[in-house]
Every structure is written in C-alpha cells, then in structure tokens.
Amino acid sequence: MFITTPLIRWLVNRLFQSGKIDGQQREQLLSQDRQINVVITGAALVLFASLFL
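The rules we used
Residues numbered from 1 in each chain as written. Predicted model: local features only at pLDDT ≥ 70, side-chain atom pairs only at ≥ 80, totals over all residues. Heavy atoms only, no water. Helix = DSSP H or I, 4+ residues; strand = E, 2+ residues; numbered from the N terminus. Buried < 20%, exposed > 50% of the residue type's maximum accessible area, 1.4 Å probe, protein only. Areas by Shrake-Rupley, 256 points an atom, 1.4 Å probe, with all protein chains shown as cover. Expected span 1.5 Å × (residues − 1). Salt bridge = Lys/Arg side-chain N within 4 Å of Asp/Glu carboxyl O.

Peer 1: Help me understand the overall build of the protein chain in this model?
Peer 2: Secondary structure summary: the protein chain contains two helices and zero strands in total. In terms of overall dimensions, the protein chain has C-alpha extents of about 50 × 20 × 10 Å along its principal axes. The 53 residues of the protein chain split such that 11% are buried. Accessible area for the protein chain stands at about 4400 Å²; split by element, carbon and sulfur atoms hold 68% of it.

Peer 1: Sorry if this is basic, but what is going on with helix α1 (residues 4-17) here?
Peer 2: Because each turn of an α-helix spans 3.6 residues, side chains separated by three or four positions end up pointing in the same direction. With 14 residues, α1 extends 20 Å from end C-alpha to end C-alpha; this agrees with the ideal 20 Å at 1.5 Å per step. Positive backbone phi, approximately 85°, marks Gly 19, located one or two places after α1.

Peer 1: For this particular structure, what's the right way to read the pattern of salt bridges?
Peer 2: Note on pairing: side chains with opposite charge can pair once their charged atoms come close. For the structure shown, the criterion picks out one salt bridge. Across the pair Glu 27 and Arg 26 runs a salt bridge, and its minimum N-O distance is 2.8 Å. Looking at Glu 27, the relative accessible area reads 40%, which means it is partly exposed.

Right, here's the structure in full:
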C-alpha cells in the first residue's frame with residue numbers, strides 16, 4: 001500500500017528468519033503495520049474529502 005509496507009515486511013521477515021524474533025512477535029509487528037496503514041488511509045480520505053467541502 002505504502003512504500004514503508006514492503007520495507008517493514010522485509011525487515012520483519014528477515015528478523016524472523018534470523019531468529020531474532022519469534023512467530024508471535026512477527027505477527028504482532030505485521031498487524032501493527034496494517035493498522036497504521038488503515039489509519040493513514042482514513043486520514044488521507046478525510047483530508048481529501050475536506051478539499052471539496
């Protein structure tokens with residue numbers, strides 16, 4: 001979705017593969033990334049809509 005998403009996914013997967021984080025931490029970090037993307041998208045839609053009001 002955003003440029004950070006592939007970078008965050010890559011970094012989290014690398015940390016998981018190297019054993020620095022476990023599966024639960026991996027899922028938690030990816031979930032947080034999705035939540036942040038939803039918030040950013042919502043804020044962008046509100047700002048975009050405010051241009052037309």
